[in-house]
Amino acid sequence: MGKKLKIYERLLIGLAFMADEVIDFYQSYRKHPQVIDSNKPLSRWLYKPSGLRQSYYYLLRTGYIKKIVKKGKPYLRLTSKANEKLKRDFPIFRMQKRKWDGKWRIVIFDISEKSRLLRNALRRKLKELGFGMLQQSIYISPYNFVIDMYEFLKTQKILGKAFVLTAKHELMGDPQKLAGLVWQLDKLQDEYGYLLHRIYKMQEKMINRKITKKEKKEMIQIKDDYLELLRKDPCLPSELLPHDWMAEDVRKSILKL
């Protein structure tokens with residue numbers, strides 16, 4: 001998800017990763033505008049209130065989200081139309097929760113300095129699809145993005161300068177170790193672990209007492225930091241992740257928080 005996203009796209013992605021339905025944050029914002037601090041990372045996702053409002057109503061009007069009410073509280077839910085759009089515009093959503101087929105999709109390119117704009121565009125596309133750099137000018141993915149890459153290379157007129165290959169894993173060593181090195185999963189796991197620690201500490205503070213304004217700001221910061229982690233996470237198949245991978249624990253804990 002390295003592409004520059006529109007506000008409504010960020011909202012759709014956030015909903016897709018967070019839960020089947022979430023509290024209607026815009027209605028909450030109207031009642032409590034102080035929860036959005038212009039100095040916090042959340043503003044980089046939601047931008048100014050007018051942009052949030054326009055995106056909110058755009059998604060409702062176009063049928064990408066719908067509002068439901070449970071026990072007097074408004075919730076937002078993604079529609080099937082939104083799920084199809086996410087799968088179309090962000091191929092990673094087509095691949096989620098699929099079992100790995102044991103094959104790597106490998107992109108190899110040799111684009112000269114004179115064509116660095118094309119080279120940079122290719123690298124952005126690879127990052128957008130979640131490819132990881134194995135070596136300089138060699139990127140890999142466990143997902144079948146061959147058609148996506150072929151269409152991109154054809155559109156950019158760099159077929160012959162960049163190649164997409166499919167290879168079985170058999171001679172590439174331990175797949176989890178390879179994934180860990182390519183995507184630096186140890187570092188990402190540490191970030192998930194630290195965030196989970198912060199969530200647990202916040203939950204302890206919330207037991208039997210109201211939280212302070214300072215703690216409310218920390219809650220907002222925790223959620224902001226989680227969104228930033230989602231941007232980094234390559235969303236690899238479970239077969240390539242450490243057995244104690246914390247991403248799902250963090251997601252559930254964030255929802256409870």
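This text follows the structure it describes.
Residues numbered from 1 in each chain as written. Predicted model: local features only at pLDDT ≥ 70, side-chain atom pairs only at ≥ 80, totals over all residues. Heavy atoms only, no water.

Digging into the overall build of the protein chain
To keep it simple, the criterion reads: Note on conventions: DSSP H or I runs of at least 4 residues are helices, E runs of at least 2 residues are strands, and numbering of each starts at the N terminus. Summary of the burial criterion: residues with accessible area below 20% of their type's maximum are buried, those above 50% are exposed, and those between are partly exposed, where the area comes from a 1.4 Å probe applied to protein chains only. Surface accessibility follows the Shrake-Rupley procedure with a 1.4 Å probe radius. Residue values consider only the protein chains on display as shielding.
Within the protein chain one finds 12 helices and 7 strands. Here the protein chain holds 257 residues, and the buried ones make up 44% of them. As displayed, the protein chain offers around 15500 Å² of accessible surface, 52% of which is attributable to carbon and sulfur atoms.

Things to note about the packing of aromatic side chains
Defined as follows: To pair, rings of Phe, Tyr and Trp, with the six-membered ring standing in for Trp, must have centres within 6.5 Å; the planes then decide the type, stacked if under 30 degrees apart, edge-to-face if over 60, and tilted in the middle.
Under the definition given, this model contains 9 aromatic pairs. An aromatic cluster is defined as three or more aromatic residues linked by ring pairs; in this entry it consists of Tyr8, Tyr58 and Tyr64.

Considering unusual backbone geometry
Residue Lys71 is not a glycine yet carries a positive backbone phi of 50°. Turning to its location among the elements, Lys71 is positioned in the loop between strand S2 (65-70) and strand S3 (73-78). Here Lys71 falls in the exposed class, since its relative accessible area comes to 88%. You will see that Lys157, though not glycine, has its phi angle at about 60°, which is positive. Relative to the helices and strands, Lys157 is located in the loop between helix H8 (146-155) and strand S7 (162-168).

Description of the packing of helix H10 (residues 185-205) against helix H12 (residues 247-256)
Definition in use: To define axes, lines are fitted to C-alpha atoms, for helices over the stretch in contact only, and angles between the resulting N-to-C directions are given on a 0 to 180 degree scale. Between 65 and 115 degrees an angle is taken as roughly perpendicular, under 35 as roughly parallel, over 145 as roughly antiparallel, and anywhere else as oblique. In this scheme the handedness of a crossing depends on how the near helix is turned from the far one: anticlockwise by less than a right angle means left-handed, clockwise means right-handed. Residue contacts are defined here by distance: any two heavy atoms, one from each residue, within 4.5 Å place the two residues in contact. Amino acids are sorted into nonpolar (Ala, Val, Leu, Ile, Met, Phe, Trp, Tyr, Cys and Pro), charged (Asp, Glu, Lys and Arg) and polar (every other residue, Gly among them).
As a packed pair, H10 and H12 sit with axes 10 Å apart at the nearest point and diverge in direction by 30°. Relative to H12, H10 is oriented roughly parallel. Classified by chirality, the crossing of H12 by H10 is left-handed. Contact residues: Tyr192, Leu195, Leu196, Ile199, Tyr200 and Gln203 in H10; Ala247, Asp249, Val250, Ser253, Ile254 and Lys256 in H12. Its residues assigned to classes, the contact of H10 with H12 shows 8 nonpolar, 2 polar and 2 charged.

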